[in-house]
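Structural description and commentary
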Amino acid sequence: MSVETTERVKTGVTGLDDLIEGGLPAGRVILVSGEPGSGKTILASQFLVSGIRKFGETGLFVCMEEARNHLYREMKRFGWDLEGLESAGSLGFVDATPLRLLPEKVNIGDVAIDRGDFSMMTLIQAINKEVQRIKPKRIVVDPITSLIIQYPDIIQRRGAILDLVGALVSSGATCIMTSELRHTGLKRRLDVEEFLSHGVILLQNHLINGSIVRAIQVEKMRETNCETQPKPYKISSSGIEVFAKESVFR
Ligand SMILES: Nc1ncnc2c1ncn2[C@@H]1O[C@H](COP(=O)(O)OP(=O)(O)OP(=O)(O)O)[C@@H](O)[C@H]1O
Ligand SMILES: [Mg+2]
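Residues numbered from 1 in each chain as written. Chains lettered and ligands numbered in written order. Predicted model: local features only at pLDDT ≥ 70, side-chain atom pairs only at ≥ 80, totals over all residues. Heavy atoms only, no water.

Describing the overall build of the protein chain
Of regular secondary structure, the protein chain possesses 7 helices and 13 strands. Scaling as 2.2 N^0.38, a compact globule of 250 residues should have a C-alpha radius of gyration of about 18 Å, and the protein chain matches this with 18 Å. Within the protein chain, contacts between residues at least 6 apart in sequence are counted, and of these 66% link residues at least 24 apart. About 12500 Å² of surface is accessible on the protein chain, with carbon and sulfur atoms providing 50% of the total. Where the 31 positive side-chain charges of the protein chain centre and where its 31 negative ones centre are 3 Å apart. (Helix = DSSP H or I, 4+ residues; strand = E, 2+ residues; numbered from the N terminus. Rg over C-alpha atoms; globule rule 2.2 N^0.38 Å. Contact = heavy atoms within 4.5 Å. Areas by Shrake-Rupley, 256 points an atom, 1.4 Å probe, with all protein chains shown as cover. Lys, Arg positive; Asp, Glu negative; His and termini not counted. Charge placed at Lys NZ, Arg CZ, Asp CG, Glu CD.)

A closer look at the state of the cysteines
Applying the stated criterion to the full structure yields 0 disulfides. Cys-175 supplies the cysteine sulfur nearest to Cys-63, a cysteine that is in no disulfide, at a spacing of 16 Å. By relative accessible area, Cys-63 is classed as buried at 1%. (Disulfide = S-S within 2.5 Å. Buried < 20%, exposed > 50% of the residue type's maximum accessible area, 1.4 Å probe, protein only.)

Observations concerning the side chain of Gln-46
Topologically, Gln-46 is positioned in helix 1 (residues 40-55). Gln-46 gets classed as buried once you look at its relative accessible area, which sits at 6%. What Gln-46 contacts, discounting residues up to four positions off in sequence, is Thr-11, Gly-12, Val-13, Trp-80, Ser-238, Gly-239 and Ile-240.

Observations regarding the packing of aromatic side chains
Evaluation of the coordinates by the stated rule reveals 3 aromatic pairs. When the ring of Phe-61 is compared with that of Phe-93, the centres are 6.0 Å apart and the planes differ by 20 degrees; the resulting orientation is stacked. One end of the pair, Phe-61, is in strand 4 (residues 59-63); the other, Phe-93, is in strand 5 (residues 91-95), and 32 residues separate them in sequence. A relative accessible area of 1% places Phe-61 in the buried class. A network of ring pairs unites the aromatic residues Phe-61, Tyr-72 and Phe-93 as a single cluster. (Phe/Tyr/Trp six-rings, centres within 6.5 Å; stacked < 30°, edge-to-face > 60°.)

Observations concerning the site of ligand 1
In the region of ligand 1, 14 residues are neighbours, and Gly-37, Lys-40, Thr-41, Ile-42 and Ile-235 sit closest. Between an oxygen atom of ligand 1 and a main-chain N or O atom of Ser-38, the distance comes to 3.2 Å. Lys-40 places a side-chain nitrogen or oxygen 2.8 Å from an oxygen atom of ligand 1. Starting from 660 Å² of accessible surface for ligand 1 in isolation, the protein chains cover 62%. Looking at the shell around ligand 1, the elements with two or more residues in it are helix 1 and strand 12 (231-236). Here the element with the most residues in the shell around ligand 1 is helix 1; it accounts for 3 residues. (Near = heavy atom within 4 Å. Polar contact = N/O pair within 3.5 Å; in protein donor to acceptor, adjacent residues only side chain to side chain.)

Details of the pairing of strand 9 (residues 174-180)
By the criterion of burial, strand 9 is predominantly enclosed, with 6 of the 7 residues buried. Bridge count for strand 3 (residues 29-34) against strand 9 is 6 bridges, and the pairing is parallel. In the sheet register, Ser-33 faces strand 9, and the bridge partner there is Ser-179. (Pairing = 2+ DSSP bridges.)

Here is the structure:
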């Protein structure tokens, strides 16, 4: 019986691909979870822009919380012209920010649907529509936090995340979802989205000898013999760079 080898999708983040056998496993859904300002949106955009520029792969940005013009302006500082890529047809964009404004119950005819369920249905429909149109090879959903905290019940939350992961998998694209890291430390409580994603990359700050060090850690990556030690990274005008050969703790 032959076992197919896993196709790798380069993230475009220098050093990160060295930790994961050359890239993300194709067609999988990877969670990038990090503290505020840790670079989640930058990493996700770098992944999309690098796919378009280096490999001619179309991308889809699903923006959950930030205004499009703010996102475009922030990313332009790294030389990434998302607006231009969108006009050229290489990048699709789903603005999911209006979902936040929905009332607690949405009435469809005689049926009242919870905000969470309605948001998820609407989001998946919008993603599917853009997937049909642009046929992306890479998709980013940034961030999923406000969506999933609408499900305080853990069983419903699992179901909702599985629906989203299922929709992303059926697109055939390699996907990054970002989330806010809610618990830190070695004995931290794991969030359900970490179990349900195929891979998890953490972006955290560590206090080392009185200084704050930014560290990236591959917590899990299916189909991959990955380096799970945290590695230092920096954010500069060219985006995120990971120092794969260095260590955070000596
Ligand atoms: N040119 C730059 N050089 C160095 N650091 C930068 C530069 N531009 C932005 N940053 C850093 O990147 C951070 C923002 O990155 P990003 O927006 O990707 O974070 P995030 O994890 O998505 O944050 P949030 O949780 O608020 O969405 C800023 O806090 C800043 O420290
Ligand atoms: Mg962000």
